[in-house]
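A structural walkthrough
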Amino acid sequence: MGTLPNYDELPRRAGLPASWGVWGPDGSDVFGCLNLLTPERVVAAARLVQRGAVFALNWKMRLPDPPLFDRQPFTHEVTGGPGSTSHDDVLHGWNTQSSSQWDGFRHIRNHAAMADEPGTGHYGGVPDDEHGMHHWARRGIVGRAVLADVGRWREQVGRPLQYDQPDPIEADELGECLAAQGTELHEGDVLLVRTGWLGWYEQQPADVRTRLAQTQHLVSPGLRSGEHLAEVLWNLHIAAIGCDNPAVEVWPPGALSTPEHEAEVRADRRRLHEIFTHTLLLPMLGLPLGEMWDLEALADDCAADGRYECLFTSAPLHLEAGVASPPNALAIK
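What counts, and at which threshold
- Residues numbered from 1 in each chain as written.
- Predicted model: local features only at pLDDT ≥ 70, side-chain atom pairs only at ≥ 80, totals over all residues.
- Heavy atoms only, no water.
- Helix = DSSP H or I, 4+ residues; strand = E, 2+ residues; numbered from the N terminus.
- Buried < 20%, exposed > 50% of the residue type's maximum accessible area, 1.4 Å probe, protein only.
- Contact = heavy atoms within 4.5 Å.
- Areas by Shrake-Rupley, 256 points an atom, 1.4 Å probe, with all protein chains shown as cover.
- Lys, Arg positive; Asp, Glu negative; His and termini not counted.
- Charge placed at Lys NZ, Arg CZ, Asp CG, Glu CD.
- Arc of directions from axis to C-beta.
- Pairing = 2+ DSSP bridges.
- Axes fitted to C-alpha atoms, helices over the stretch in contact; angles between N-to-C directions.
- Salt bridge = Lys/Arg side-chain N within 4 Å of Asp/Glu carboxyl O.

**Some remarks on the overall build of the protein**
Helix and strand counts for the protein come out as eleven helices and 15 strands. Overall, the C-alpha framework of the protein stretches about 65 × 45 × 40 Å when taken along its three principal axes. Counting all 333 residues of the protein, 54% fall into the buried class. When contacts within the protein are restricted to residue pairs at least 6 apart in sequence, long-range pairs at least 24 apart make up 78% of them. Here the protein displays about 13,800 Å² of accessible surface, and carbon together with sulfur accounts for 51% of that area. The averaged location of the 46 negative side-chain charges in the protein is 2 Å from the averaged location of its 26 positive side-chain charges.

Have a look at this one:
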């Protein structure tokens, strides 16, 4: 599929398949798979707009509430009094990953690469503070997106996802879902994966939300972690993946492993990708990950008209050396 090497053809760095050097010399590439969003592909994606239907993919900034992963809620100050000429917004304690987000390449490092390769274990051997969302913001993220409505498909085949469990989505199920939809994925596409977790979360009472906010109690369905996930996603040759669940992968890491295997991996951080594939996808393969995106309205529309492709745009925060950003993403049909 396309112009890129397959997973088993990638060069090895620190003993792991890596796309370092695929698009530029070591220490220079800050875009990874986003390099696939060429001008020609942007032009082709623009032709997908037929109805002018626009779907905003950012969730409410205050959701989830409380924030997950022990992150703290922000406070919103509006400056100026009742008689003032203007107001300003001031956000105190705002975490860019508290709601819908892109995980940037500064977010996760690979410990094997940190030990064996130049740099600090971040993608491409780029130094830590030379990565940042500002690179993606200057370029913008535009292309063709395809929705894989895994949640709806699993219901249709009689295996509905369990949203209060670490219910795994097998990597190969992505292809099965797309085939059932009659959807073809192309090189350079942005893959959107709806599990239905976000819609389920919005229906939960306060006590359930409070429990989920504590990392030790957070569970959610997601893609099964492991090197096979990295292989499948790389071989799709997508530019990025955006999902509606907390971590793209099933949570918590290791939930699907035996206690012995999980203990071995946690004792040797070079093997962390076996239970937490972020450590392969971001720092080794350069695949941007989107989390907690609101795909509900888009999915309903795709189910109604049978078209699961759209023009996709994203304008991350122009934050120098930023670790992550709300996607500020739109799907346009």
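**Here's the deal with helix α5 (residues 171-181)**
Among the residues of α5, Ala171, Glu173, Leu174, Cys177, Leu178 and Gln181 are the ones counted as buried. Around the axis of α5, the buried residues are gathered within 140° of arc, so they sit on the same side. Within α5, the exposed residues directed more than 90 degrees away from the buried face are Ala179 and Ala180. Its buried side turned inward, α5 meets β7 (141-149), α4 (150-156), β8 (168-169), β9 (190-194), β10 (222-223) and α8 (227-236). At the C-terminal side of α5, Gly182 shows a positive phi close to 75°.

**So, the sheet that holds strand β3 (residues 54-56)**
Hydrogen bonding along the main chain pairs the strands of a sheet, whether they run parallel or antiparallel. A sheet is described by the order of its strands in space; here nine strands give the open sequence β3-β15-β13-β7-β9-β11-β12-β6-β14, paired in mixed fashion. Of all strands in the sheet, those bounded by a partner on one side alone are β3 and β14 (324-325). Relative to strand β13 (residues 309-314), β7 runs antiparallel, the two sharing six bridges. Looking at the pairing, Ala145 lines up with Cys310 of β13. On the sheet, α5 packs against β7 and β9 and is oriented at approximately 90° with respect to β7.

**Points about the pattern of salt bridges**
Counted under the stated rule, the structure contains 24 salt bridges. Where Arg13 meets Asp26, a salt bridge forms, and the shortest distance between an N and an O atom there is 2.6 Å. Highlighted residues: Arg13 in strand β1 (residues 12-13) and Asp26 in the loop between β2 (16-17) and α1 (39-46), separated in sequence by 13 residues. Bridged by salt links that share partners, the residues Asp149, Arg152, Arg194, Glu296 and Asp300 form one connected network.

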